[in-house]
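Below, each chain spelled out in residue letters.
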Amino acid sequence: MGRSEDGKARTRNETSPKTETRQATMRNATVERATFAINLRRAREAAGLSQLDLQARTGFSQSFISDVECCACNPNLDNMARLAHGVGRPLYELLMPKA
């Protein structure tokens, strides 16, 4: 499970600082960017692709793909289209909220 900064074991309900930062970033993202991020990850996983596989298909670094999926960056429209193409989906699908 991991350890907190004071060396004590974290409980199941405690999150790491890295996880807290990602969650805060996702909360502060626009609805559209968060929707794209969530749908990109779902589409990538549904296609059976790792971030490294998507890197090979798109030419983007694995860290950039991770940042997009965590809403840690703001990709432009061309990059979003390239990522969508990399997972085999049209861009408009990844911008639509799922019910």
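Here we summarise the structure given alongside this text. (Residues numbered from 1 in each chain as written. Predicted model: local features only at pLDDT ≥ 70, side-chain atom pairs only at ≥ 80, totals over all residues. Heavy atoms only, no water.)

1. Some details on the overall build of the protein
- The number of helices and strands found in the protein is 6 helices and 0 strands.
- Walking the protein from its N terminus toward its C terminus, one meets helices and strands in the order α-α-α-α-α-α.
- Expressed as a percentage of its 99 residues, the buried residues of the protein come to 33%.
- Split by element, the accessible area of the protein, about 6,500 Å² in all, is 50% carbon and sulfur. (Helix = DSSP H or I, 4+ residues; strand = E, 2+ residues; numbered from the N terminus. Buried < 20%, exposed > 50% of the residue type's maximum accessible area, 1.4 Å probe, protein only. Areas by Shrake-Rupley, 256 points an atom, 1.4 Å probe, with all protein chains shown as cover.)

2. As for the packing of helix 3 (residues 51-58) against helix 4 (residues 62-69)
- At their nearest, the axes of helix 3 and helix 4 sit 9 Å apart, and the two run at 110 degrees to each other. In terms of orientation, helix 3 and helix 4 fall into the roughly perpendicular class. Crossing hand, helix 3 versus helix 4: right-handed. Each of Q51, L52, L54, Q55 and T58 in helix 3 lies in contact with helix 4, whose residues at this interface are Q62, I65, S66 and E69.
- Classifying every residue of the contact of helix 3 with helix 4 gives 3 nonpolar, 5 polar and 1 charged. (Axes fitted to C-alpha atoms, helices over the stretch in contact; angles between N-to-C directions. Parallel < 35°, antiparallel > 145°, perpendicular 65-115°, else oblique. Left-handed = near helix turned anticlockwise from the far one by under 90°. Contact = heavy atoms within 4.5 Å. Nonpolar A, V, L, I, M, F, W, Y, C, P; charged D, E, K, R; others polar.)

3. Considering the environment of F64
- In this fold, F64 is placed in helix 4.
- When the C-alpha positions of F64 and P75 are compared, they lie 9.2 Å apart, and in sequence the two are 11 residues distant.
- Beyond its immediate chain neighbours, meaning those up to four positions away, F64 contacts C73, P75, N79 and L83.

4. Some words on the nonpolar core
- Counting 16 residues, the largest nonpolar core has F36, L40, V68, L83, V87 and L94 as the members making the most contacts within it.
- Of all the elements in the fold, those that place two or more residues in this core are helix 2 (31-46), helix 4, helix 5 (77-86) and helix 6 (91-94).
- Among residues more than four places away in sequence, those in contact with L40 are L54, V68, E69, L83, V87 and L94. (Core = buried A, V, L, I, M, F, W, Y, C linked by side-chain atoms within 4.5 Å.)

5. Digging into the environment of I38
- Tracing the backbone through its elements, the reader meets I38 in helix 2.
- Look at I38 and you get partly exposed, because its relative accessible area is 36%.

6. Some words on the side chain of N39
- Mapped onto the secondary structure, N39 falls in helix 2.
- There is a polar contact of 3.2 Å between the side chain of N39 and the backbone oxygen of L94.
- Every residue in contact with N39, bar those within four places of it in the chain, is listed here: E93, L94, L95, M96 and K98. (Polar contact = N/O pair within 3.5 Å; in protein donor to acceptor, adjacent residues only side chain to side chain.)

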